[in-house]
There are 2 protein chains.
Amino acid sequence: MAARILEALAGVVGADEVLTGDAAQPYLQEWRGAFQPRALAVVRPADTAMVAAVVRACIDADCAIVAQSGNTGLVGGCAADDARRHVILSLERLSAVRGIDVDNATLTVEAGCTLADAQRAAADAGLYFPLTLASRERCRIGGNLATNAGGLNVVHYGNTRDLVLGLEVVTADGRVWDNLTGLRKDNSGFDLNDLFVGSEGALGIITAAVFKLHSPIVQQSVALFGLDTPAQAVGVQRRLTAASGHNLTGCELMSRQAVALACAHIEGCAEPFEAACDWYLLVELASSASGDWLAAALGGAIADLRAEGIVRSVRVAADAAGARDIWHLRESLPPAQVAEGASIKHDISLPVSRLPAFLDRALPAVREALPGVRPCPFGHVGDGNLHFNLSKPAGSDDAAFLSETARANAVVHDIVAEMGGSFAAEHGIGRLKVAALARYKQPVERDMLIAIKRALDPDNRLNPGAVVDLDAPS
Amino acid sequence: MAARILEALAGVVGADEVLTGDAAQPYLQEWRGAFQPRALAVVRPADTAMVAAVVRACIDADCAIVAQSGNTGLVGGCAADDARRHVILSLERLSAVRGIDVDNATLTVEAGCTLADAQRAAADAGLYFPLTLASRERCRIGGNLATNAGGLNVVHYGNTRDLVLGLEVVTADGRVWDNLTGLRKDNSGFDLNDLFVGSEGALGIITAAVFKLHSPIVQQSVALFGLDTPAQAVGVQRRLTAASGHNLTGCELMSRQAVALACAHIEGCAEPFEAACDWYLLVELASSASGDWLAAALGGAIADLRAEGIVRSVRVAADAAGARDIWHLRESLPPAQVAEGASIKHDISLPVSRLPAFLDRALPAVREALPGVRPCPFGHVGDGNLHFNLSKPAGSDDAAFLSETARANAVVHDIVAEMGGSFAAEHGIGRLKVAALARYKQPVERDMLIAIKRALDPDNRLNPGAVVDLDAPS
């Protein structure tokens, strides 16, 4: 049986592109270590027609397909888990930039292209592809699309979904839907593009996409505020959004504990002000319009905020090097938490206005539930998205702390749910949060998710076990 | 049978809110005159729970539900067409603004609220709701959502869908999905919000929504260019997008014939330049940031475009009154076409870059197919969306010209399809374009649309006959 499907797949892609054993290992890593993926084989088609043929071969052999591009996801979305039946379909050979249409300001790119290569192709054409993730050299467009990736400048440019104008998708029955139209307006039927984006390989396999491009940035200002409360951060964010004409391109909140760990562990990080602050807010303003009006708007807003007593400490980057220094502090928070040892992570969102109240509730709640825990919240305050990460008590055992994960999740996610937030803001559901989805979604929504899954993938052939559990009791 | 369902509906909403006979007539008008709607009754629930109860009563009586809000649609989307079985569910009593969250910059509003009232509520809170349609005093939010309405400033703010953060929906089985979260990031399952937006009442009944708000405009520049070719318009659009930092909020192309009809029929319209031009382009730049840098960016771009020989004639509005004059010309095009007699309309879109080539093909094609026809194309060139309208030959008979509609549609839509465009850019499918959808969509896409319809509305109870024809041969 295994031999037969391997042979059929080899017939489609060539024997060299059907990997098993050691050759398959790189595709079976899950870098957070939460899953031990296994699969019958890894298959690497070279183009869209081959992807469709692989799907049809898997149908014939009654195998399931787990699509994978950069394999940098954080929720086990491509962690295949059946060595007899799961075929990992790697998209990395579909890496072409198919084209750039300058007058339409669009980029057409295949799912296996790295985000960084897509950014470079846009820049080479004198345009700007704004999606920005720390993993940009490794993550690939297919995964960005499958997870509706967020990142560092969603506050201005939106999530991945907001950048998409069209898709090419291989369906669960092995057909190709070509919707690479590049249309900015199209109301000819239900919105399939947005349904496939963020569907984590469970409804179809995205093989290519058309993205909107922006004009290159020619004017930028970066500043770091020291604040007493998250409410001040929300106020600063609101003020700068209006004053800059909605050109706030970065808005990152950092807690005192998160910054302290960065200063302790990461080279080039130092306390930004004379005295440590309870909260820090990084802001970036940017525009493709020339002039220095963004710096003027920032200066004016800072003067007003000082006069109102909202801001005491602030540092405005004098030049690009100064801006990089401020961003370096922010980008050092995740590796600093890793260096400090075990942490329990929560990727949550709330309405921006409710972030202060959430922190008021969640911080005491986790401290009570996990004595000695060191919460290191940080994240994209302009999007209402916090990485509410909890570092283990100083000097404690990693494994003992991580054994509390389910309890910590319940404490945090229950508060999020009560306050109308999301337990899966930008990383997706994958396999990690299937139970949380079942727990927190209204039955009517769960029923709709399952109905859509069954409509587009009636045999549960695409990424089974991800997003929705079809076997769970309703 | 009819008496029993009327009684059941009266039990839900009260006898006064179940309308038949003359009282139902206003809900059975279809203002383009393309349909003669008929229905068993019009029912006017007062709140979401009542909407759900009406749906359940219709299930019990095996009736279908056609949701209606402002009844200003252009494609027969709420033209019920079965006097024995169709119940028109008017949402106009659900007209509340439920709230504005200033720190989250969101507006929560019910489906029966007029667009103008929603705009006013945002303005009263010091914010700006950017969706702008000529029908804003009559159209209602539910219809804006159901059709994913476009309008005059999509080029900057996007379509209605781009403004939505969450929905409240009554499902086909009469349950309520409350997703009025106001979250800017939420990847907890497939994207149901975007699926319901633009689904024209065929997948669920949207009863309320959370919209993103913007900051009020404090700086604005409007100009009118006289041009020789559509390609020049594309070039000007591209230049101004970059130079203004993507603050191009209006970008409207107008053909010489369209402007000539406005000058002939509408008060306050006059040829803008000494000699008539083949094409005109209205541009508006706007920002919530203070200063006069947009005017400077516009001035600089105009100087460059003149030096390059791209632009000869241009008029920059000196003040708000001048800006209104320029917009008045644009807004006069549709009524001028009505005043001139019969016209055949096409709401099409293409990649912005292909608009010139489309016009090069389509203008001679319609002139050959319909001798004497006067094409009056105009529209949202920044979105690639043209209203490719054809006025009848001067002095000819209205009915005779309109009898050529199907043939004209085939000529125009075939070219659009060959060039990768859409035959339904911003008005939707409704009942008017069901056959076009069946003709132009790939079978794989049609199959997916039908699968989704069946998944969320298995008994075809919601707006049957709209969007997809479930009985058509595949």
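Residues numbered from 1 in each chain as written. Chains lettered and ligands numbered in written order. Predicted model: local features only at pLDDT ≥ 70, side-chain atom pairs only at ≥ 80, totals over all residues. Heavy atoms only, no water.

By the naming in an unreviewed UniProt entry, chain A is D-2-hydroxyacid dehydrogenase, taken from Salinisphaera orenii MK-B5. Heading Sequence similarities (unreviewed entry) of the UniProt record for chain A holds this comment: "Belongs to the FAD-binding oxidoreductase/transferase type 4 family." (UniProt positions renumbered as here; feature names shortened; annotations may be inferred.)

(A) Region of interest: the UniProt feature "domain: FAD-binding PCMH-type" (unreviewed entry) in chain A. With numbering aligned to this structure, UniProt lists the feature "domain: FAD-binding PCMH-type" (unreviewed entry) at residues 35-216 of chain A. Along residues 35-216 of chain A one finds 23% helix and 27% strand; the C-alpha atoms at either end are 40 Å apart. (Helix = DSSP H or I, 4+ residues; strand = E, 2+ residues; numbered from the N terminus.)

(B) Focus on the interface of chain A and chain B. Facing 85 residues of chain A, the contacting portion of chain B comprises 86 residues. Here chain A meets chain B over a buried area of about 6600 Å², counting both sides, of which 56% is carbon and sulfur. Sorting the residues of chain A by area buried against chain B places Lys-185, Asn-187 and Phe-190 of chain A first, and these three jointly supply 16% of that buried surface. Between chain A and chain B we count 10 salt bridges in total. Across the salt bridge formed by Arg-175 of chain A and Asp-447 of chain B, the nearest N and O atoms sit 2.8 Å from each other. Where chain A touches chain B, the interface holds 40 residue pairs in polar contact (both at pLDDT 80 or more). Secondary-structure elements contributing two or more residues to the side of chain A that touches chain B are β8 (176-179), α7 (192-196), α8 (230-243) and α17 (443-456) of chain A. At 11 residues, α17 of chain A tops the list of elements feeding residues into the side of chain A that touches chain B. The residue makeup of the side of chain A that touches chain B, split by class, is 34 nonpolar, 33 polar and 18 charged. (Contact = heavy atoms within 4.5 Å. Buried area = accessible area lost by both parts, 1.4 Å probe. Salt bridge = Lys/Arg side-chain N within 4 Å of Asp/Glu carboxyl O. Polar contact = N/O pair within 3.5 Å; in protein donor to acceptor, adjacent residues only side chain to side chain. Nonpolar A, V, L, I, M, F, W, Y, C, P; charged D, E, K, R; others polar.)

(C) Examining the sheet that holds strand β12 (residues 279-287) of chain A more closely. Residue and element names in this part refer to chain A. Here 7 strands make up an open sheet; going across it, the order is β13-β10-β12-β11-β17-β18-β15 and the pairing antiparallel. Lying at the two open borders of the sheet, with one neighbouring strand each, are β13 (313-316) and β15 (347-349). Here the strands of the sheet are splayed against their neighbours by 20 degrees on average, with no regard to which way each runs. When strand β10 (residues 219-227) meets β13, the two strands line up antiparallel, connected through 4 bridges. In the sheet register, Leu-224 faces β13, and the bridge partner there is Arg-315. Each of β10, β11 (248-255), β12, β13 and β17 (378-380) is contacted by helix α11 (residues 320-331), which is oriented at about 50 degrees to β10, the strand it contacts most. (Pairing = 2+ DSSP bridges. Axes fitted to C-alpha atoms, helices over the stretch in contact; angles between N-to-C directions.)

(D) Spatial organisation of the pattern of salt bridges. For the structure shown, the criterion picks out 58 salt bridges over all chains. A salt bridge links Asp-383 of chain B to Lys-185 of chain A; the shortest N-O distance between them is 3.1 Å. Note that Asp-383 of chain B is positioned in the loop between β17 (378-380) and β18 (385-387) and Lys-185 of chain A in the loop between β8 and α7, a pairing that runs across two chains. Judged on exposure class, the residue Asp-383 of chain B and its partner Lys-185 of chain A are both buried. Three or more residues joined by partner-sharing salt bridges are found here, namely Glu-17, Arg-44, Glu-92, Arg-93 and Arg-140 of chain A. (Buried < 20%, exposed > 50% of the residue type's maximum accessible area, 1.4 Å probe, protein only.)

(E) Up close: the relation of the copies chain A and chain B. With an RMSD of 0.0 Å, chain A superimposes on chain B once it is rotated by 180 degrees and translated 0.0 Å along the axis. On the angle and the small slide along the axis, the relation comes out as a two-fold axis. (Least-squares fit on C-alpha atoms with pLDDT ≥ 70 in both.)

(F) Seen up close, the domain arrangement of chain A. When the domains of chain A are assigned, the result is domain 1 (2-90), domain 2 (97-212), domain 3 (219-335) and domain 4 (342-456). The gap between the C-alpha centroids of domain 1 of chain A and domain 3 of chain A is 44 Å. (Domains from an automatic or database assignment.)

(G) Region of interest: the packing of aromatic side chains. All names here are of chain B. Counted by the stated rule, this structure contains 13 aromatic pairs over all chains. Relative to Phe-388, the ring of Phe-358 has its centre 5.3 Å away and its plane inclined at 70 degrees; by these criteria the two rings are edge-to-face. Here Phe-358, found in helix α13 (residues 355-369), pairs with Phe-388, found in the loop between β18 and β19 (390-391); they are 30 residues apart in sequence, far enough to count as distant. Of the two residues, Phe-358 and Phe-388, both sit in the buried class. (Phe/Tyr/Trp six-rings, centres within 6.5 Å; stacked < 30°, edge-to-face > 60°.)

(H) Here's a closer look at the pairing of β11 of chain A. Residue and element names in this part refer to chain A. Within β11, 8 of the 8 residues are buried, which leaves it mostly tucked inside the rest of the structure. Direction of pairing for β11 relative to β12: antiparallel, over a ladder of 7 bridges. Following the sheet pairing, Glu-252 is matched in β12 by Leu-282. Sheet analysis places β11 next to β17, joined by 3 bridges and oriented antiparallel. Its bridge partner being in β17, Glu-252 is matched across the sheet by His-380.

(I) Summary view of the sheet that holds strand β6 (residues 106-110) of chain B. All names here are of chain B. Strands sit in the order β5-β6-β9-β7-β8 across an open sheet of 5 strands; the sheet is antiparallel. One side of each edge strand has no neighbouring strand; the edge strands of this open sheet are β5 (97-101) and β8 (176-179). In this sheet, neighbouring strand axes are inclined to one another by 15 degrees on average, regardless of whether the strands run parallel or antiparallel. Relative to strand β9 (residues 205-212), β6 is paired through 5 bridges, and the arrangement is antiparallel. Across the sheet, the residue bridging to Thr-108 is Val-210, located in β9.

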